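Summary of structural features
The lines below spell out each chain.
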Amino acid sequence: MNNSILVVVLASAVTYGTPLLYSALGELVAERSGVLNLGVEGMMLVGAVMGFWAVQTIPGPGPLVLIIAVCVAAIAAGLMALIHAFLVITLRANQIVSGLALTIFAGAGGLSSYLGNDLNLADAPAKHAFGAFFPHSMQTLPVVGPIFFEQNALVFVAWLFVGGVAFYLARTRPGLNLKAVGEAPAAADAMGINVTRTRYIHTVVGGAFAGIGGATFSLAITPQWVDGLTQGAGWIAIALVIFAFWRPALCLVGAYFFGAFAGLPFTLQARGVTVAPELFQALPYVMTILVLVTVSAAGARRRLGAPGALGTPYVREER
Amino acid sequence: MSKRKVALVAALTAVVATASLVVTAVGSAKQHDVFKAAWIYVGPHNDGGWSQAHDQGRLAVVKALGSKVETTYKENVPEGPQVSQVIDSLVKDGNKIIFATSFGYQDAMVAAAKKYPDVYFEMATGYKTSKNMAVYYGAGEDSIFLSGMAAGAATKSGVVGYVVPFAIPEVIRHTNAFALGVQATHPGATVKIVWTNSWFSPATEKKAAQSLKAAGADVIGQNVDSPAAGQYAESVSLPWVGYDSDAQKFAPKQWLTAAVYDWGVYYIPRVKAAMAGTWKTGSYYGSMADGFTKIAPFGSLVASGTKSAITTKAAGIKAGTFKVFAGPLYDQSGKLRVAKGKALSLGDLMAIDWLVKGVEGSAKG
């Protein structure tokens, strides 16, 4: 029963959706403040490499080292986001150009590869890795075993993040301020909200989330470091935010949906069903394009939840 | 105005600095008459697999020839138009022999060989030769057959999973050899294959291994380059056969063995010949007898009986008394492809597009 296609696909949806979920949540937080950051892929890779560096070098008991490693990943990626924040908030550079530049600078062939080589991280298994969180007896339970109990701690922490971000946005004052800054920075400014500070904080926190997303690869899914480990997950995460209409709970659904598509072609192949893998690999992008077309239609943008000031720098004098 | 001046001064300084660098570079090249050799890798030089094995071959050249040779490598070079640029820049840097180590570089190499007649080009896994372009590879199928024997001995369910990259003759040949090896120690066993359409893609390889386990495989083998499937196998306690490097450290408990290549066996004499001016084109197909292909040390799961069976077959392969692709061989549909007493020729093997009986999966990717 646990080997049925449905269970296997659902289990892989959760596993491979988790890094997407972290990164998409981070991007969502940044975009809600009005800052579009296309540097997710680069931030994820820097998080992945620094998190891996931490587990390889920090001595101590496994669980503690892993927690520190996740923090290191978050801080490293947060620093990357800080570069973007400085460029687009303080210097008011074009957000799209700056984000792309960040991915080129930090991503595969850039800083993350340099760090991986310089710190000599390749070709070694992780000293500690996130394994199944629950005891083996629970993993063999029908259906829920593979889908829930075989998963690692980062999967469950991600759920807390979803709840936390949703609560923060809907129920707390800073969250409401954040939305105000993303929708109408001039009005927020008039209300006495510090637009620059709000945007800085949420861009950097968004980056830190992406770092944890990257570390999910290097510490849990494939506990090793290789160049370009995330393989474009950062781009899917950006698409996912639009796909989820800027809502945290829908991010979860979308991430698992994309995660399922990542595993499905292989599951089918192993059962003797031959489908062109290119078709499945292209599907997430095709869906994203469809959603993008829908969302960018005039009028739909506001209804679906895109922050009003997304992508535009705030200049006080223009009030 | 002053800003512009600063920029101008900075630009001038940069030009002067670059110019002086170029001058010193030219000067140093004249001073020491070292021979320059270059390698092009499809993955990182330390990928723990294919590219790393080539890089170890390069290091063997350095060790053997010391300061007489200067080696460089370009890593992560995609199999596309960029290759030509990389080759151009390597030739401009004064490299006299260039080894390209992935199949997709072949056409760019052919073009470059025409363009630069005084540079020697070496194309791994290729088949197109010219006056200054040679091809080289080895009978990986022999050592892969032996690694398949270890997998066959380890399977209880009689279903072995095999993670494969692209549906090209090289990989189909290797898959067949693996399946024949599995069947040699476990008659009637099946080999399920999953294509990843990538040489090196850790997360994808893990997904493939997961799907194979769910489909009933209790041993995992691979023809792809990363150790991700092995890490997964270790985490779910499935024995694992790696490929093209000794990756035991990634799965210390579940490691069986792997077919590996010693590229230095080819690289050292070729660079020497190029230096001496005795280089000739050719089509090298390394063997176990040359020491070019071999199998990695066994893991603790391999029983002593299996080890001795493998050693015996290895001796037969080296002596030429045992051929992996000897008949009778049947294809997936059960049709007799190679009659008893006959064997597939090297030419047949280079163009093979059918899978042997017992392999479950498509030969078309």
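Only a predicted model underlies this, so the values are computations on that prediction, with no experimental measurement involved.

So, on to the overall build of chain A. Within chain A, the regular secondary structure consists of 15 helices and zero strands. Computed over C-alpha atoms, the radius of gyration of chain A comes to 20 Å, within 12% of the 20 Å expected from 2.2 N^0.38 for 319 residues, which places it in the range of a compact globule. In chain A, which comprises 319 residues, the proportion classed as buried is 57%. Contacts spanning at least 24 positions in sequence make up 76% of the contacts within chain A whose residues lie at least 6 apart. Element-wise, carbon and sulfur atoms account for 71% of the exposed surface of chain A, whose accessible area totals about 13,000 Å².

This part is about the overall build of chain B. Along chain B, the regular secondary structure elements total eleven helices and 15 strands. For chain B, the C-alpha radius of gyration of 23 Å lies close to 21 Å, the compact-globule estimate for 365 residues. For chain B, buried positions account for 54% of its 365 residues. Contacts in chain B between residues far apart in sequence, at least 24 positions, make up 65% of those at least 6 positions apart. Carbon and sulfur atoms form 58% of the exposed surface of chain B, whose accessible area is close to 15,300 Å². Side-chain charges in chain B split into 37 positive and 26 negative, and the spacing between the mean points of these groups amounts to 2 Å.

Turning our attention to the domain arrangement of chain B. Residue and element names in this part refer to chain B. Domain annotation for chain B reports domain 1 (9-139 + 262-286) and domain 2 (140-260 + 293-360). Each of domain 1 and domain 2 was reduced to a C-alpha centroid, and the two centroids are 31 Å apart. At the interface, 15 residues of domain 1 touch 19 residues of domain 2. Summed over both partners, the interface of domain 1 with domain 2 buries about 1,300 Å², with 53% contributed by carbon and sulfur atoms.

Position of Ser362 of chain B among the secondary structure elements: in the segment after strand S15 (359-360). In this structure the side chain of Ser362 of chain B is engaged in a polar contact, spanning 2.9 Å, whose partner is the backbone nitrogen of Lys364 of chain B.

Let's shift gears to helix H11 (residues 195-221) of chain A. Residues and elements named next belong to chain A. The first and last C-alpha atoms of H11 sit 38 Å apart over 27 residues, in line with the 39 Å expected at 1.5 Å per residue. At Ala215, H11 is deflected by roughly 30°, the largest bend along its length. In terms of residue burial, H11 counts as a mostly covered element, since 22 of its 27 residues are buried. At the N-terminal boundary of H11, the capping side chain belongs to Asn194, with an oxygen 3.2 Å from the backbone nitrogen of Thr196.

Moving on, we get to the interface of chain A and chain B. Between chain A and chain B, the contact holds 30 residues from the first and 34 residues from the second. Per-residue buried area on chain A facing chain B is highest for Tyr16, Asp123 and Phe266 of chain A; these three make up 23% of the total on that side. Where chain A touches chain B, the interface holds one salt bridge. The shortest N-O distance in the salt bridge between Lys249 of chain B and Asp123 of chain A comes to 3.2 Å.

With that out of the way, let us pick up the pairing of strand S4 (residues 120-124) of chain B. Residues and elements named next belong to chain B. Of all five residues making up S4, four are buried, and the element is well covered by its neighbours. Bridge count for strand S3 (residues 97-100) against S4 is four bridges, and the pairing is parallel. Looking across to S4, one finds that Phe99 is bridged to Glu122. Following the backbone out of S3, through helix H4 (residues 106-115) and into the adjacent parallel S4, one traces a crossover that is right-handed. The pairing of S4 with strand S5 (residues 133-138) spans four bridges and is classified as parallel. Among the inter-strand pairings, Met123 is bridged to a residue of S5, identified as Val135.

All names here are of chain A. Contact geometry of helix H2 (residues 40-57) with helix H12 (residues 233-243) gives a least axis separation of 7 Å together with a crossing angle of 130°. Here H2 is positioned oblique relative to H12, judged by the angle of their axes. You can see that H2 and H12 cross each other, and the crossing is right-handed. Residues Val40, Glu41 and Met44 of H2 touch H12, and the partners they reach there are Ala233, Gly234, Trp235, Ala237 and Ile238.

Thresholds applied
Residues numbered from 1 in each chain as written. Chains lettered and ligands numbered in written order. Predicted model: local features only at pLDDT ≥ 70, side-chain atom pairs only at ≥ 80, totals over all residues. Heavy atoms only, no water. Helix = DSSP H or I, 4+ residues; strand = E, 2+ residues; numbered from the N terminus. Rg over C-alpha atoms; globule rule 2.2 N^0.38 Å. Buried < 20%, exposed > 50% of the residue type's maximum accessible area, 1.4 Å probe, protein only. Contact = heavy atoms within 4.5 Å. Areas by Shrake-Rupley, 256 points an atom, 1.4 Å probe, with all protein chains shown as cover. Lys, Arg positive; Asp, Glu negative; His and termini not counted. Charge placed at Lys NZ, Arg CZ, Asp CG, Glu CD. Domains from an automatic or database assignment. Buried area = accessible area lost by both parts, 1.4 Å probe. Polar contact = N/O pair within 3.5 Å; in protein donor to acceptor, adjacent residues only side chain to side chain. Expected span 1.5 Å × (residues − 1). Bend = angle between axes of the 7 residues up to and from the residue. Salt bridge = Lys/Arg side-chain N within 4 Å of Asp/Glu carboxyl O. Pairing = 2+ DSSP bridges. Right-handed = clockwise from strand over helix to strand, strands pointing away. Axes fitted to C-alpha atoms, helices over the stretch in contact; angles between N-to-C directions. Parallel < 35°, antiparallel > 145°, perpendicular 65-115°, else oblique. Left-handed = near helix turned anticlockwise from the far one by under 90°.

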